[in-house]
Amino acid sequence: MKIGITCYPTMGGSGIIATELGIKMAERGHDVHFITSNTPFRIQFQMPNITIHQVDVNQYSVFQYPPYDITLATKIAEVINVYDLDVLHMHYAVPHAICGILARQIARKDVGIVTTLHGTDITVLGYDSTLKGAIKFGIEESDIVTSVSNALTQETYDIIAPDKEINTVYNFINEKDFEPIDNKALRACYGIPDDYKVLIHVSNFRKVKRIQDVIKTFSLVRAKLKSKLILLGDGPELSKMRSYAKKLGVLDDVMFLGKQDKVASYYQMADLFLLMSEKESFGLVLLEAMHTGVVCIGTTAGGIQEVIKHNETGFIVDVGDTVQASEYAIELLTNDNLYSKFQDAMQIDINKRFHSTIITDQYEAIYQSLVKN
Ligand code: GMT
């Protein structure tokens, strides 16, 4: 098949999924065309069967707002015709789903369109009356719509009420990138003594992640156990969170390490992952941590409960319940038998439900169902 993919190419779960899926499809022999504003960051060297088409937005002085959406649609249309694409896969509803539909009209070719909803395109932007109609249009005019969790599928029906079936297809990771190795050497480089426990959180530091709850939970754990907290990522909440850690008197034990490419090494240093979000359609970082052997505590938000099975592969707490999170954390960090039991259960579960082969098969079948000849 000849597959066009559009996503946000910067760091972020939706871009990662789109890129890894494109790589998997290329490995299966399909021709994959990324049509994006930049080279997706996971594509770091030449890969057979993958072509990158960069969208350059016209900055003509008349434009107060350069027309990215129209330029993207025009580029996609060009790629549809030049490469005779069979399928377009648009990641994130706004503006990508709508751009795909416009591109199909510009190209005047009946290419199949798959749209994948990722999270805030529905749970935040879906409430915006200036966008809601366009999101509904993008969903209804796509041939097949998928969402990354049952929770997001349900929220899409509740918020947008589209006249369209939405299929849940879970996220996956490239397992090879997240090997369960105990990275003592890196711990030593960071000066973390052997008898310390390491908690970790990885995100884009937006409000929805409630990083204050991660730091508060850590402060309660640290009061009982020698421990460090690694915070990976950057975003609007970062400096506020540094001040909060200082206010709680734990700043010396919180390591703000910013954006890092090789996140797996940091999971490999960690004993526990915290995801305290108030909105989270899936939480790709959970899969990354779990595959690396790190047990997770998450909240009841969105699809987190579909990824972590409470009291079986990790723990779930109500949003904001830092006391309960700290109690679960201490239980896990002081009970080796429980920790290993959860580790074993989580490896079996993630391989059964989220393995890259299973999810790639599902998307490949979706694409095949849209190929016209
Ligand atoms: O929706 C977003 O906030 C952006 C998006 C991204 O590009 O990282 O994150 C969402 O998509 C990821 C991949 O499907 C999910 O793992 C994240 O849970 C989801 N984020 C939210 O729902 C907040």
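Owing to the predicted nature of the structure, the values given are computational and were not obtained by experimental measurement.

Draft legend 1. Here's a closer look at the state of the cysteines. Across all of its chains, the model carries 0 disulfides by this definition. In this structure cysteine 7 is a free cysteine whose sulfur lies 13 Å from that of cysteine 99, the closest cysteine sulfur available.

Draft legend 2. View of the UniProt feature "domain: Glycosyl transferase family" (unreviewed entry) in the chain. Those places that UniProt annotates as "domain: Glycosyl transferase family" (unreviewed entry) correspond, in this numbering, to residues 185-344. The span residues 185-344 is 42% helical and 19% strand by assignment, and the distance between its end C-alpha atoms comes to 24 Å.

Draft legend 3. Representation of the pattern of salt bridges. As enumerated under the stated definition, the model contains 18 salt bridges in all. With a closest N to O distance of 2.7 Å, glutamate 364 and arginine 28 form a salt bridge. Within this pair, whereas glutamate 364 is found in helix α15 (residues 356-370), its partner arginine 28 is found in the loop between α1 (13-27) and β2 (31-36), the two being separated by 336 residues in sequence. On the accessibility criterion, glutamate 364 (17% relative accessible area) is buried. Overall, the relative accessible area of 32% leaves arginine 28 in the partly exposed class. The residue arginine 222 makes a salt bridge to aspartate 253 at a minimum N-O spacing of 2.6 Å. Here arginine 222 is found in helix α8 (residues 211-222), whereas its partner aspartate 253 is found in the loop between α9 (238-247) and β10 (254-258), with 31 residues between them in sequence. When its relative accessible area of 31% is taken as the criterion, arginine 222 is described as partly exposed. By relative accessible area, which is 12% here, aspartate 253 ends up buried. Sharing partners across several salt bridges, the network here consists of Lys2, Asp84 and Lys109.

Draft legend 4. Spatial organisation of the domain arrangement of the chain. Domain boundaries in the chain define domain 1 (2-172 + 355-372) and domain 2 (175-353). Once you take the C-alpha centre of each, domain 1 and domain 2 turn out to be 30 Å apart. For the pair domain 1 and domain 2, the summed buried surface comes to about 1,700 Å²; carbon and sulfur atoms form 53% of the total. For the interface between domain 1 and domain 2, the tally reads 0 salt bridges. Taken together, the links from domain 1 to domain 2 amount to 8 residue pairs in polar contact (both at pLDDT 80 or more). Ranked by residues supplied to the side of domain 1 that touches domain 2, first place goes to α1 with 4 residues. Residue composition of the side of domain 1 that touches domain 2, grouped by class: 11 nonpolar, 11 polar and 2 charged.

Draft legend 5. Region of the structure containing the site of the ligand. Contacts to the ligand come from 16 residues, most closely from Gly13, Ser14, His118, Thr120 and Glu280. One of the backbone nitrogen or oxygen atoms of phenylalanine 282 is found 3.2 Å away from an oxygen atom of the ligand. Contact with the protein chains covers 92% of the free accessible surface of the ligand, which is 480 Å². Two domains each provide a minimum of three residues to the shell around the ligand, namely domain 1 (2-172 + 355-372) and domain 2 (175-353).

Draft legend 6. Expanded view of the nonpolar core. Grouped together as the largest cluster of nonpolar side chains are 107 residues, with contacts concentrated most on Leu231, Tyr267, Phe273, Leu286, Ile297, Leu332 and Tyr367. Considering each element in turn, this core owes the most residues, 7 residues, to α1. If you count residues domain by domain, this core takes at least three from each of domain 1 (2-172 + 355-372) and domain 2 (175-353). Aside from chain neighbours lying at most four places away, what touches leucine 332 is Leu272, Val295, Ile297, Phe315, Leu338, Tyr339 and Phe342. Counting 18 residues, the second-largest nonpolar core is a separate cluster that includes Tyr68, Ala103, Ala107 and Ile113.

Draft legend 7. The environment of glutamate 306, seen in detail. In this fold, glutamate 306 is placed in helix α12 (residues 304-307). In this structure, the C-alpha to C-alpha distance between glutamate 306 and tyrosine 170, residues 136 residues apart in sequence, is 9.4 Å. Non-local contacts of glutamate 306, meaning those with residues more than four positions away in its chain, are made with Ser149, Asn150, Ala151, Tyr170, Arg353 and Phe354.

Cut-offs and rules
Residues numbered from 1 in each chain as written. Predicted model: local features only at pLDDT ≥ 70, side-chain atom pairs only at ≥ 80, totals over all residues. Heavy atoms only, no water. Disulfide = S-S within 2.5 Å. UniProt positions renumbered as here; feature names shortened; annotations may be inferred. Helix = DSSP H or I, 4+ residues; strand = E, 2+ residues; numbered from the N terminus. Salt bridge = Lys/Arg side-chain N within 4 Å of Asp/Glu carboxyl O. Buried < 20%, exposed > 50% of the residue type's maximum accessible area, 1.4 Å probe, protein only. Domains from an automatic or database assignment. Buried area = accessible area lost by both parts, 1.4 Å probe. Polar contact = N/O pair within 3.5 Å; in protein donor to acceptor, adjacent residues only side chain to side chain. Nonpolar A, V, L, I, M, F, W, Y, C, P; charged D, E, K, R; others polar. Near = heavy atom within 4 Å. Areas by Shrake-Rupley, 256 points an atom, 1.4 Å probe, with all protein chains shown as cover. Core = buried A, V, L, I, M, F, W, Y, C linked by side-chain atoms within 4.5 Å. Contact = heavy atoms within 4.5 Å.

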